[in-house]
Amino acid sequence: MHGLGAFLAYRLLRAFVALWLVSTVVFVVMRLSGDPVPLLLPPDAPTVEITRVRHELGLDRPLAVQYAVFIGNVLHGDFGRSIHFRQPAMAVAFAYLPATFELGLAAFLIAVVVAFPIGVFSAVRRNSPLDHAAMGVALVGQSAPTFFLGILLILGFSLWLNLFPTSGRGDWRYLVLPALTLGAFAMASIARITRSAVLEVQRADYIRTARAKGMGEFMVIAKHTLKNAALPILTITGLQFGTLLGGAVVTETVFSWPGMGRLAIQSIYNRDYPVVQSTVFIAAVLFIFINLALDALYGVLDPRARAARS
Amino acid sequence: MKRGGRGSQALSRRDFLGRAAGLGIAATGLLEATRPEAAVAQTTQKRELIVAQGGDVSKFDPHLSTSSNDIRVSFNIFDNLTSRHPDGKLYPGLATEWASTGPTTWRFKLRQGVKWHNGDPLTSADAKFSIERTYDPAAKTLVATVFTTIDRIDAPDPFTLIFTTKKPDPLLPARLAFYGGQIVPKKYLGEVGPDAFNAKPVGTGPVRFVSWTKDDRLVLGANPDYWGGKIDTDRVVFRPIPETASRVIAILKGEVDVITQLPPDQVARVDRSPKARAASTLYAGLYVLAVNSKVKPLDNPRIKQALSLAIDRQAIVKDLWRGQGLVPNGPIAKGDNHYDASLPPLPYDPAKAKANLREAGYKNEPIYIETTVGYVANDKPMSEAIAAMWKDVGVNAVVEVIEYSVRAEKNRDRSFKGMFWSDPTSTLGDPDGMMWRLLGPGGPQDYWRHPEFDELGNAARFSLDEKFRDQAYKKMTRIFLEHNPWIVVLQPYELYGFERYVEFIPNPNQQFEVRRFNFRMRRA
């Protein structure tokens, strides 16, 4: 118990350091990248006007002062006001979170539900035509640009077959095409990793032993193979989940999905520092949380990992 | 309204053609042949108009934004004192009549019986408050520069306004029709404060705010008590569809009724569709390469003349714009006051360009075009085409691609290395609102000075004598064509996609208004 407590405290400390580093880097990079004020004002705004607005936004203060104010406010949970929307930046970012979560989760579920059985099946029936077909599709899924795939799906399933709407957010039908588009890459990589992990385990001695004892093939896979192949699959799956939640920029743009990835990109273009900081902060928290959860799961599944980490 | 990519606009402009020319449109073209024929949809029973534009609205308070995505919305929720219709002329808005009552005074009569969306009556106090608010430092608006000619506003009775200007201002009624001039409710704004007003705007316009889901949909309900009569639909919905290919498919499928920023190479495709059609209106403005005439060798007028002569504008219109544009004849856009129809289109003469360069002693100095991708439609392809044409006459042309916000900063610091794209808009339908606003002393494109040009520009700005102004702008055009502070490239068409049952006359300056005088849905 002592070991687990220390482990968690250590991980928590590391999480805070990571968040602080990420926020600082974003703070500095955004301010070096450009000034939001010329983007806000009409192109013929005179210099006095630009100076006034810069002063109101506090952008005329030294970078160190701006940074101190920023950190001080963040410690009070205040991420500043969006320059573009004139609303609290964190509230703006949070307003986009449900849509991103919905899309990310749907993409993840589609990916896992499809990829896992395909991966296992391909491994068990390796070198069969079905294995080749599945892995071929997976390769295409991993290499097709998201933008291209998205437009193809819209053309095929909405303009041509008229099954789903082209864009926007509404009932479940709106979710299908963007989730497929976003999930394609994860689906392909999970399927491939699952296949190789299962193949790896099937070569192990204890599988041979189990077969020698006369255990049926289904039991061999269900009882021994999957449990031992779970670790690499879990790792890749967890990482994919984080990626899906964090960066769905292209999919969100193609399908006009009101998610946080699109907000982040627009805010970068607009130099809306507070919103960029808020979205990156949320994404960082999600990643760190998922990593922590993965580590905990590792500990449960593999006692050796627990011993090594405490 | 400058089409400039402020706000979420930045993204929409960036991908206007960059993406359209890319993978997506290629893919859509490929599969098009296999699309089954849909039923011809010339009429509809719909009571909802869905408008898709390239980016979402960011603010509703009309004094807090000049982004075209915001203005397309705010011109429907709010009214101005005067109104510029698609024919380019000024019509009554919240003011029914106006007249100049002295060299520096204008009297406006307000419309009676107009109600705000919350039921309050409109009075001259609202109008006085609104215009004063634009330049009140405490209100922190972003349109503070629009009404700098005004000295004082008086509201002697509830339906009269008297403007006193610092100098004679012939364009005041035109200024009031444009952004910054939207009239906001004094009482409501005072009660709820600017944040709540921005979140839940109240105007006098043909539609009123119902709900907004950011980056998804904005729902506006028709105002049944609108002074101009209820519009021909119950709801107007604005949807942001940033991806050009997706926006085109949405209009082909009939999921939306109107799309903005249709790329020229998609016009034929939309027109072939049984459901949709393309519509265009000549843009009230020009696409120009603005020149930093302070850097060498662009300080030499001969060299700029050569650069202008070396551009084959017909080819640009034909190949890059699929015919959706005009070759201009000078710095005044067709359709504006004082446009001189007798001038010939800008000539293409590479031999003369070469001779000019030789005589000017051009020594192969690099000439830069700093271009964005999608700040104005087709900017990068046009830059590359023009650089190639310049190379043909022996100019060392260099194209550099910069990001939109970098452009905004260079614009502010006036630090361009040579040429940059600009799309001067005739905000006032007059050379003063376009050429002189940008090129005048202290203006955002003040890179070049000429005493006679300056004298004429200043005199024309403050003259109420249209004959004098006409002469002044003719002389200024002559000086302009000698010195080329801009190298004028083309006047494009603004392109829209409409469902076939939508009848809509678009406004040339992108002021998107859904009103009775320009919109109807054809019903069976």
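Please read these numbers as outputs of a predicted model, since none were measured by experiment.

Draft legend 1. Up close: the overall build of chain B. A tally of regular secondary structure across chain B gives 16 helices and 20 strands. For chain B, whose C-alpha radius of gyration is 23 Å, the value lies close to the compact-globule estimate of 24 Å for 524 residues. Along the three orthogonal principal directions, the C-alpha set of chain B runs to about 70 × 65 × 40 Å. Residue burial in chain B is summarised as follows: out of 524 residues, 64% are buried. Sequence-distant contacts in chain B: of pairs separated by 6 or more residues, those separated by 24 or more amount to 71%. A total of about 17,900 Å² of accessible surface is found on chain B, and carbon and sulfur atoms cover 53% of it.

Draft legend 2. Here's a closer look at the overall build of chain A. The helix and strand inventory of chain A stands at 14 helices and zero strands. In sequence order, the secondary structure elements of chain A are arranged as α-α-α-α-α-α-α-α-α-α-α-α-α-α. Put simply, chain A has 310 residues, and 48% of those count as buried. Put simply, 72% of the contacts in chain A that link residues at least 6 apart link residues at least 24 apart. Across chain A, the 25 positively charged side chains and the 16 negatively charged ones have centroids separated by 11 Å.

Draft legend 3. Inspection of the environment of Leu149 of chain A at higher detail. All names here are of chain A. Here Leu149 shows up in helix H7 (residues 146–160). Residue Leu149 is classed as partly exposed on the basis of its relative accessible area, which comes to 22%. For the pair Leu149 and Leu177, spaced 28 residues apart in sequence, the C-alpha to C-alpha distance is 9.9 Å.

Draft legend 4. The arrangement of the confidence of the model for chain A in detail. Taken as a whole, chain A shows an average pLDDT of 83; of its residues, 95% reach a score of 70 or greater. Mean pLDDT values for the elements of chain A range from 59 in helix H14 (residues 303–309) of chain A up to 90 in helix H4 (residues 63–75) of chain A.

Draft legend 5. Representation of the interface of chain B and chain A within the structure. Listed by partner, the interface residues are 54 residues for chain B and 52 residues for chain A. Summing the contributions of chain B and of chain A, the shared interface buries around 5,000 Å²; its carbon and sulfur component is 61%. Summed over the three residues of chain B that lose the most area to chain A, namely Leu142, Lys214 and Asp215 of chain B, the buried surface amounts to 14% of that side. Where chain B packs against chain A, one counts three salt bridges. Residue Asp215 of chain B pairs with Arg262 of chain A through a salt bridge whose shortest N-O separation is 3.3 Å. The interface formed by chain B and chain A holds 16 residue pairs in polar contact (both at pLDDT 80 or more) in total. Of all elements in the fold, only helix H1 (9–18), helix H2 (23–32), helix H6 (186–199), strand S10 (235–240), helix H7 (244–253) and helix H13 (404–413) of chain B reach the threshold of two or more residues within the side of chain B that touches chain A. When its residues are assigned to classes, the side of chain B that touches chain A shows 21 nonpolar, 14 polar and 19 charged.

Draft legend 6. Quick look at the pairing of strand S5 (residues 105–110) of chain B. Residues and elements named next belong to chain B. Across six bridges, the pairing between strand S4 (residues 95–102) and S5 is antiparallel. Following the sheet pairing, Glu97 is matched in S5 by Lys109. With antiparallel pairing between neighbouring strands as the criterion, S4 and S5 make up a hairpin whose turn holds two residues. Where S5 and strand S7 (residues 160–165) come together, five bridges link them in antiparallel fashion. By the bridge assignment, Arg107 is partnered in S7 with Ile162.

Draft legend 7. Spatial organisation of the pattern of salt bridges. Applying the stated criterion across every chain, the model contains 37 salt bridges over all chains. Residues Glu200 of chain A and Arg203 of chain A are paired through a salt bridge, measuring 3.8 Å at the closest nitrogen-oxygen approach. Residue Glu200 of chain A is classed as exposed on the basis of its relative accessible area, which comes to 53%. Through salt bridges that share partners, Arg47, Lys230 and Asp234 of chain B make up one connected network.

Draft legend 8. Expanded view of the packing of aromatic side chains. With the rule as written, the count across this model stands at 27 aromatic pairs over all chains. When the ring of Phe157 of chain A is compared with that of Phe164 of chain A, the centres are 6.5 Å apart and the planes differ by 55 degrees; the resulting orientation is tilted. Its guanidinium or amino end placed over the ring of Phe85 of chain A, Lys214 of chain B lies 4.8 Å from that ring's centre, counting from NZ or CZ. Stacked on the ring of Tyr368 of chain B, the Lys or Arg Lys417 of chain B has its end atom at 4.4 Å from the ring centre.

Draft legend 9. Up close: a nonpolar patch on the surface. Side chains of Leu13, Val17, Trp20 and Leu21 of chain A sit close together on the surface and give an oily, nonpolar patch of about 410 Å² of accessible area. Structurally, Val17 of chain A can be placed in helix H1 (residues 2–33).

Draft legend 10. Structural detail: the packing of helix H6 (residues 129–143) of chain A against helix H8 (residues 172–202) of chain A. Residue and element names in this part refer to chain A. It is the contact of H6 with H8, at a shortest axis distance of 8 Å, that shows an interaxial angle of 140 degrees. Accordingly, the angle class assigned to the pair H6 and H8 is oblique. Pair H6 / H8 crosses with left-handed handedness. Between H6 and H8, the contacting residues are Asp131, Met135, Ala138, Leu139, Gly141 and Gln142 on the first element and Ala184, Phe185, Ala188, Ser189, Ala191, Arg192 and Arg195 on the second.

Draft legend 11. A look at unusual backbone geometry. Residue and element names in this part refer to chain B. A cis amide bond, omega -5 degrees, links Lys296 with the succeeding residue Pro297. Residue position: Pro297 is located in the loop between strand S13 (287–291) and helix H9 (301–309). One non-glycine residue, Gln261, lies in the positive phi region at around 55 degrees. The residue Gln261 is located in the loop between strand S11 (258–259) and helix H8 (267–272) in this model. At His338, a position not held by glycine, the phi torsion is positive, near 70 degrees. By secondary structure assignment, the location of His338 is in the loop between strand S14 (325–326) and helix H11 (350–360). By relative accessible area, His338 is classed as buried at 15%.

Conventions used here
Counting restarts for each chain: residues are numbered from 1 in the order of the written sequence. Written order determines the labels here, with chains lettered from A and ligands numbered from 1. With pLDDT at 70 or above as the cut-off, local features in this predicted model cover only qualifying residues; side-chain atom pairs require 80 or more to be listed or tallied, and sums for whole chains, interfaces and linings still use all residues. Side-chain measures here rest on the full set of heavy atoms in the structure, leaving out hydrogens and waters. Per the convention used, a helix needs a DSSP run of H or I reaching at least four residues, while a strand needs a run of E reaching at least two, with both numbered from the N terminus. The reference for a compact globule is 2.2 Å times residues^0.38; the radius of gyration itself is calculated from the C-alpha atoms. Burial classes: relative accessible area under 20% of the type maximum marks a residue as buried, over 50% as exposed, and values in between as partly exposed (1.4 Å probe, protein chains only). Residues are treated as being in contact if the distance between any of their heavy atoms lies within 4.5 Å. Computed with a 1.4 Å probe, the accessible areas rest on the Shrake-Rupley method; for each residue, only the protein chains presented here act as cover. Positive charges are assigned to Lys and Arg, negative charges to Asp and Glu, while His and the chain termini are left out of the count. Charge placement uses NZ in Lys and CZ in Arg. For Asp and Glu, CG and CD serve respectively. pLDDT expresses, on a scale from 0 to 100, how confident the predictor is about each individual residue. Once two parts are joined, some of their accessible surface, as seen by a 1.4 Å probe, is lost; buried area is that loss totalled over both. Here a salt bridge means any side-chain nitrogen of Lys or Arg lying within 4 Å of a carboxyl oxygen belonging to Asp or Glu. Nitrogen and oxygen atoms within 3.5 Å of one another constitute a polar contact, given that in protein one can donate a hydrogen and the other can accept it, and given that sequence-neighbouring residues count only through two side-chain atoms. All residues other than Ala, Val, Leu, Ile, Met, Phe, Trp, Tyr, Cys, Pro, Asp, Glu, Lys and Arg, Gly among them, are scored as polar; the first ten of these are nonpolar and the last four charged. Think of it this way: DSSP has to see at least two bridges between two strands before they count as a pair. Each aromatic pair joins two rings of Phe, Tyr and Trp (for Trp, the six-membered one) with centres within 6.5 Å, and gets the label stacked for planes under 30 degrees apart, edge-to-face for over 60, and tilted for any other angle. Both a distance and an angle decide whether a charge sits over a ring: NZ of Lys or CZ of Arg must be within 6 Å of the ring centre and within 35 degrees of the ring normal. Think of a patch as exposed residues, more than 30% relative accessible area, with no salt bridge, where like charges cluster within 9 Å and nonpolar side chains (Val, Leu, Ile, Met, Phe, Trp, Tyr) cluster within 5 Å. Fitted lines through C-alpha atoms serve as axes, helices being fitted only where they are in contact, and the angles separating the N-to-C directions of these axes extend from 0 to 180 degrees. Angular relationships are summarised with four words: roughly parallel below 35 degrees, roughly antiparallel beyond 145, roughly perpendicular across 65 to 115, and oblique for the angles in between. With the far helix as reference, a near helix turned anticlockwise by less than a right angle produces a left-handed crossing, and one turned clockwise produces a right-handed crossing.

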